[in-house]
Amino acid sequence: MGEFKVHRVRFFNYVPSGIRCVAYNNQSNRLAVSRTDGTVEVYNLSANYFQEKFFPGHESRATEALCWAEGQRLFSAGLNGEIMEYDLQALNIKYAVDVFGGPIWSMAVSPSGSQLLVGCEDGSVKLFQITPDKIQFERNFDRQKSRILSLSWHPSGTHIAAGSIDYISVFDVKSGSAIHKMIVDRQHMGVSKRKCIVWGVAFLSDGTVISVDSAGKVQFWDSATGTLVKSHLIANADVQSIAVAEQEDSFVVGTAEGTVFHFQLVPVTSNSSEKQWVRTKPFQHHTHDVRTVAHSPTALISGGTDTHLVIRPLMEKVEVKNYDAALRKITFPHRRLISCSKKRQLLLFQFAHHLELWRLGSTVATGKNGDTLPLSKNADHLLHLKTKGPENIICSCISPCGSWIAYSTVSRFFLYRLNYEHDNISLKRVSKMPPFLRCALQILFSEDSTKLFVASNQGALHIVQLSGGSFKHLHAFQPQSGTVEAMCLLAVSSDGNWLAASGTSAGVHVYNVKQLKLHCTVPAYNFPVTAMAIAPNTNNLVIAHSDQQVFEYSIPDKQYTDWSRTVQKQGFHHLWLQRDTPITHISFHPKRPMHILLHDAYMFCIIDKSLPLPNDKTLLYNPFPPTNESDVVRRRTAHAFKISKIYKPLLFMDLLDERTLVAVERPLDDIIAQLPPPIKKKKFGT
């Protein structure tokens, strides 16, 4: 692997936003996740749980509900009183409709997928018809006395259940009238509470309504008679969410204590046809409130204040040991929030509403392998650049020379020129940026910092010439006619001649920057691209996919390289393929053309193409034999993969020069320490 001096950076004070709600789509096997800052993410569970799409947040959008409708359409609603539909191709918001009922607390789509129901602050339940282009208000149901906090359709689409404060209402969809009102018990641990909030309801085919509430209870109601059938006290705090399996043989609930409970419908006796609901498994994978849960055919999904998206497999449902058989905790976004200026040794950190520019520290000390060297000069916080307005930053980048910073929000694109004088830094904004650059999904500078490449959400790729303190728009590569595919990843060659762009449909297009035309398209692959880079000298494009496959494609020859064909013929090591975090960055050593450097959140790897690939009988993570072995034995047992797991969670790693690496870590304990305190639980013996 070689020896490197490593800048171990831990001052990126990034804290992900908490998870507010999730929505699972059984048809496409995708999961939509909304966070407390209004950000919405879409995960492809069939592609190794990769975060393939995201919609940036907004200060005025507090999303309280998410749902999928017919035709793979995604809707959200929140406290701003609007229903929004998302464009999953262009990655923007199609439209927003005000429902005129105050803040929206709940939303549910009909079993047919053609109608949308929302529950509002003023106690109204409103029905909308989903048309091909928009949604259209149909009518109001009987208004209730308090806000509607939860909604659920009967699978037949004839009735709905609505949870409120102290009661549950059952409505007839045809008439819009409330036919039952079921009062919930305010008693909690023998003490009467002032009010009982029904946080979630689920309507089953047999007419049973399951409710979860702030008294820590899961209750079963008969909707035909409006009576309580059974009650389970499962927590000393609120039970905040519920989700039922499609077959209605199990459901999952989440509590404010961080516990997730699994209920299953089991026979009363071994030979009995009569069944009952039994609490079977508790899971404690969260430290804080579990605000939302979902139930896929093979897993229980939960999220909450502690920012983790937890996917807990149901082993009895998993047929073979594959991606679905591993417990996953997804904490960090599957996109880069950090960019680097190698020339000036600067790091640009992206937060929701500001950017931070840091200069790395330095040392004159020397030592042996593994030593921690004292700093002779500490890292400097050079710049804090705050955005104006309520929109979150989508993407940002600093130029390799350190003289330019660019970032984008949904409505504006910003470009700044930096000047350095000794220890002082001055900033000048480039004015009158063209409007077509706004809502950029990816920004990249050329190696010589003379060109800026911008990928817009409408599928166009813009090339901007930078000189002095000004810019000039050179060209725009437009998407093919009839398609609007957002480009999410960019890679440019070191000579500036080639530009590679990857879209949401896993395709990769390579453009000739000098001739300003499409050069070739890499053969399509079933899994989305997570990272890519173009090697210097050879102009080989290295592509990593979400299923952990790595391809090398020769841009000049328009075909896969011999090494890539060998890899696909032999296959990767099974432990490499079982990794559950995607590769997020690829780079190359300037003096070692056979080396590929890449990393995910929990490992840094150098692939040496001159060495043989490991087979499944070889140790993947320990390629070095003991130092007392002979050189012949060492060469015979060495293989192409050199992996280090010292740095984790690893948000960014790159070469600064031939002998120096920078690694940006974000320890989970540091994130937990900045969250609000969890509910204190009494422990035995304390």
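Preceding block: the structure.
Figured I'd write up the structure that's included with this text. (Residues numbered from 1 in each chain as written. Predicted model: local features only at pLDDT ≥ 70, side-chain atom pairs only at ≥ 80, totals over all residues. Heavy atoms only, no water.)

What about the overall build of the protein?
Just so we agree on the cut-off: Here a helix means four or more residues in a row that DSSP labels H or I, a strand means two or more in a row labelled E, and each is numbered from the N terminus. For every residue, the accessible area obtained with a 1.4 Å probe (protein chains only) is divided by the maximum for its type, and the residue is called buried under 20%, exposed over 50%, and partly exposed between those limits. Contact definition: two residues touch when any of their heavy atoms are within 4.5 Å. Areas reported as accessible are Shrake-Rupley estimates using a 1.4 Å probe. Residue values count occlusion only from the protein chains shown. Counted as positive: Lys and Arg. Counted as negative: Asp and Glu. His and the chain ends are not counted at all. Every charge is mapped to an atom, namely NZ of Lys, CZ of Arg, CG of Asp or CD of Glu.
Assigned secondary structure in the protein consists of 4 helices and 57 strands. In terms of principal-axis extent, the alpha carbons of the protein reach across some 80 × 65 × 50 Å. The 686 residues of the protein split such that 57% are buried. For the protein, contacts bridging at least 24 residues in sequence account for 48% of all contacts bridging at least 6. Only carbon and sulfur atoms are counted for the fraction: they give 50% of the accessible area of the protein, which is about 29800 Å². The averaged location of the 59 negative side-chain charges in the protein is 4 Å from the averaged location of its 73 positive side-chain charges.

Here's the deal with the pattern of salt bridges
The cut-off we apply is this: Between Lys or Arg on one side and Asp or Glu on the other, a salt bridge is scored when a side-chain nitrogen of the former is within 4 Å of a carboxyl oxygen of the latter.
The final tally for this structure, using the stated rule, is 16 salt bridges. For arginine 73, the salt bridge is made with glutamate 85, and the minimal N-O distance between the two is 2.7 Å. One end of the pair, arginine 73, is in strand 7 (residues 73-78); the other, glutamate 85, is in strand 8 (residues 82-87), and 12 residues separate them in sequence. No difference in accessibility class separates arginine 73 from glutamate 85, as the two residues are buried. Because the salt bridges share partners, they merge into one network encompassing Arg8, Arg10 and Glu665.

Digging into helix 1 (residues 562-570)
To keep things clear, this is the line we draw: Note that the arc is defined by the directions from the helix axis to the C-beta atoms.
Those residues of helix 1 that fall on the buried side of the exposure criterion are Trp563, Ser564 and Val567. End-on view of helix 1: buried residues confined to an arc of 100°, all on one side of the axis. Exposed side of helix 1, more than 90 degrees from the buried face: Asp562 and Lys569 are the residues found there. Here the buried face of helix 1 lies against strand 50 (550-554), strand 51 (559-560), strand 53 (592-599) and strand 54 (604-608). Of the residues one or two after helix 1, glycine 571 is the one with positive phi, at around 90°.

Examining the sheet that holds strand 41 (residues 451-456)
So the rule is basically this: At least two bridges found by DSSP between two strands is the condition for calling them paired. An axis is simply a line fitted to the C-alpha atoms; with a helix, the fit covers only the stretch in contact. Between two such axes, the angle follows the N-to-C directions and lies from 0 to 180 degrees.
Reading across from one edge, 40-41-42-43 is the order of the 4 strands in this open sheet, with antiparallel pairing throughout. Taken across any chain shown, the strands that pair with only one partner, and hence form the sheet edges, are strand 40 (440-445) and strand 43 (470-477). Between one strand axis and the next, the sheet turns by 20° as a mean value, whatever way the strands run. As defined by bridge partners, strand 41 adjoins strand 42 (residues 461-467) across 5 bridges and the pair is classed as antiparallel. For lysine 451, the partnering residue across the bridge sits in strand 42 and is glutamine 465.

Description of the sheet that holds strand 25 (residues 250-255)
An order of 24-25-26-27 is seen for the 4 strands of this open sheet, with the pairing classed as antiparallel. Strand pairing shows two members of the sheet lacking a second neighbour, strand 24 (239-244) and strand 27 (275-283), which therefore form its edges. For this sheet, the mean inter-axis angle between neighbouring strands, taken without regard to orientation, is 25°. Here strand 25 runs beside strand 26 (residues 260-267); their pairing, made up of 5 bridges, is antiparallel. In the strand pairing of strand 26, serine 250 is matched with glutamine 264.

Focus: the side chain of arginine 35
Using the following cut-off: Whenever a nitrogen or oxygen atom comes within 3.5 Å of another N or O atom, the pair is scored as a polar contact, on the condition that within protein one atom can donate a hydrogen and the other can accept it, and that pairs from neighbouring residues in sequence are kept only if both atoms are in side chains.
The residue arginine 35 is located in strand 3 (residues 30-35) in this model. A distance of 2.7 Å separates a polar atom in the side chain of arginine 35 from the backbone oxygen of serine 17. Leaving out residues up to four positions away in the same chain, arginine 35 has contacts with Pro16, Ser17, Gly18, Ile19, Arg20, Glu41, Tyr43, Thr307 and Thr331.

A word on the packing of aromatic side chains
The following threshold applies: A pair of aromatic rings is counted whenever rings of Phe, Tyr or Trp (Trp by its six-membered ring) have centres within 6.5 Å, and the orientation is called stacked for planes under 30 degrees apart, edge-to-face for over 60 and tilted otherwise.
Counted under the stated rule, the structure contains 22 aromatic pairs. Note on phenylalanine 251 and phenylalanine 263: the rings are 4.7 Å apart at their centroids and 5° apart in plane angle, and the pair reads as stacked. With phenylalanine 251 in strand 25 and phenylalanine 263 in strand 26, this pair connects stretches of sequence that are 12 residues apart. Pair check on accessibility: phenylalanine 251 and phenylalanine 263 agree, each one buried. Summarising the aromatic geometry, the rings of phenylalanine 572 and tryptophan 576 are spaced 6.1 Å apart at their centres and angled 20° between planes, so their arrangement reads as stacked.

Some points on the side chain of serine 169
Mapping serine 169 onto the fold places it in strand 16 (residues 167-172). For serine 169, a relative accessible area of 1% corresponds to the buried category. A distance of 3.1 Å separates the side chain of serine 169 from the side chain of glutamine 144, its partner in a polar contact. When sequence neighbours within four positions are dropped, the list of residues in contact with serine 169 reads Gln144, Ile160, Ala161, Ala162 and His180.

What about the pairing of strand 25?
Burial within strand 25 is extensive, with 6 of its 6 residues counted as buried. The alternating pattern of strand 25 places Ser250, Val252 and Gly254 and Phe251, Val253 and Thr255 on opposite faces, both of which are buried. By the bridge criterion, 5 bridges tie strand 24 to strand 25 in an arrangement that is antiparallel. Paired with isoleucine 242 across the bridge in strand 25 is valine 253. Hairpin remark: strand 25 followed by strand 26, antiparallel, with 4 residues in the connecting loop; positive phi at glycine 258, about 90°.

A word on the nonpolar core
To keep it simple, the criterion reads: We call a set of buried residues a nonpolar core when its members are Ala, Val, Leu, Ile, Met, Phe, Trp, Tyr or Cys and they connect through side-chain atoms within 4.5 Å of each other.
By size, the foremost hydrophobic cluster in this structure holds 23 residues, and its most contacted members are Trp576, Ile586, Leu598 and Phe641. Those residues in contact with isoleucine 586 that lie beyond four places of it in its chain are Ala531, Met532, Ala533, Val542, Ala544, Ile596, Leu597 and Leu598.

Re the environment of alanine 524
As for its placement among the helices and strands, alanine 524 is situated in the loop between strand 47 (517-522) and strand 48 (529-534). Given the relative accessible area of 75%, alanine 524 is considered exposed. Once the C-alpha coordinates of alanine 524 and serine 505 are considered, the two residues, 19 residues apart in sequence, prove to be 9.0 Å apart.

Section: unusual backbone geometry
Most of the time, phi is negative for any residue but glycine, and the peptide bond is trans. The peptide bond linking lysine 648 to proline 649 adopts the cis configuration, its omega dihedral lying at -15°. Even without being glycine, glutamate 248 reaches a positive phi, approximately 60°. Relative to the assigned elements, glutamate 248 resides in the loop between strand 24 and strand 25. Under the relative-accessibility criterion, glutamate 248 is labelled buried at 18%.

Description of the pairing of strand 54
Looking along a regular strand, one sees the side chains alternate between the two faces of the sheet. For strand 54, the tally of buried residues reaches 5 of 5 residues, placing the bulk of the element in the interior. Along strand 54, one buried face is formed by Phe604, Ile606 and Asp608 and the opposite face, lined by Cys605 and Ile607, is buried too. Taken together, the 5 bridges between strand 53 and strand 54 define a ladder with antiparallel strand orientation. By the bridge assignment for strand 54, leucine 598 is matched with cysteine 605. Between strand 53 and the antiparallel strand that follows it, strand 54, lie 4 residues. Inspection of the sheet shows strand 54 paired to strand 55 (residues 641-644) by 4 bridges, in the antiparallel sense. Of the residues in strand 55, the one forming a bridge with phenylalanine 604 is serine 644.

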